[in-house]
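For reference, the chains in residue letters:
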Amino acid sequence: MPKPIRHVFVCAQSRQPGHPRGSCGEKGCADVWEEMLYQLQQNEAFGTVAVTNTGCLGPCGMGPNVLVYPDGVFYNNVKKDDVKEIFSAHLLGGTPVERLRAPADIW
Ligand code: FES
């Protein structure tokens, strides 16, 4: 397996309805995850980008949340329609999508 240039983690955490923390699950992280996998396939980026779904990343109320390493870039409120831009501009191109980055008091 080649070492990826970037590794993206998509929060896939769900909680019961009414839970005080909420979750990325109730905000549509499944669609974000599916689109990330689709972009991985469409771009044939298997040797360049690693994609992993994960548990809670912290700021549940700002989800769906996506974290990219080794850059340490944290994205909040990611929608399915944002994923193509994250993939092409950042994961492949190396330029983070500024409009989706977490505010400084979060990350
Ligand atoms: S549930 Fe996604 S960050 Fe907590």
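Residues numbered from 1 in each chain as written. Predicted model: local features only at pLDDT ≥ 70, side-chain atom pairs only at ≥ 80, totals over all residues.

**A look at the packing of helix H1 (residues 29-42) against helix H2 (residues 80-92)**
Consideration 1: Two elements in contact, H1 and H2, have axes whose closest approach is 8 Å; the angle formed by their N-to-C orientations is 35°. The handedness of the crossing between H1 and H2 is right-handed. Seen from H1, the contacting residues are Asp 31, Val 32, Glu 35, Met 36 and Gln 39; seen from H2, they are Lys 80, Val 83, Lys 84 and Phe 87.
Consideration 2: Taken together, the residues that form the contact of H1 with H2 break down as four nonpolar, one polar and four charged. (Axes fitted to C-alpha atoms, helices over the stretch in contact; angles between N-to-C directions. Helix = DSSP H or I, 4+ residues; strand = E, 2+ residues; numbered from the N terminus. Left-handed = near helix turned anticlockwise from the far one by under 90°. Contact = placed C-beta atoms within 7 Å. Nonpolar A, V, L, I, M, F, W, Y, C, P; charged D, E, K, R; others polar.)

**Examining unusual backbone geometry**
Consideration 1: Residue Gly 63 is joined to Pro 64 through a cis peptide bond whose omega torsion reads 0°.
Consideration 2: With respect to the helices and strands, the residue Pro 64 is situated in the loop between strand E2 (49-54) and strand E3 (66-69).
Consideration 3: In this structure, Pro 70 follows Tyr 69 across a cis peptide bond, with omega equal to 10°.
Consideration 4: Turning to its location among the elements, Pro 70 is positioned in the loop between E3 and strand E4 (73-75).
Consideration 5: One non-glycine residue, Glu 44, lies in positive phi territory at about 45°.
Consideration 6: Along the chain, the position of Glu 44 falls in the loop between H1 and E2.
Consideration 7: Judged by local crowding, Glu 44 falls into the exposed class, with 8 C-beta atoms found within 10 Å.
Consideration 8: Positive phi is not limited to glycine here, since Asn 77 has a value of about 55°.
Consideration 9: The partly exposed category is assigned to Asn 77, around which 15 C-beta atoms lie within 10 Å. (Buried ≥ 20, exposed ≤ 12 C-beta atoms within 10 Å, placed from the backbone.)

**Re the nonpolar core**
Consideration 1: Formed by 21 residues in total, the largest nonpolar core has its most connected members in Val 10, Val 32 and Val 66.
Consideration 2: Of all the secondary structure elements, the ones that give two or more residues to this core are strand E1 (6-11), H1, E3, E4 and H2.
Consideration 3: Setting aside chain neighbours within four positions, we find Val 66 in contact with Val 8, Phe 9, Val 10, Val 32, Tyr 75, Val 78 and Ile 86. (Core = buried A, V, L, I, M, F, W, Y, C linked by C-beta atoms within 7 Å.)

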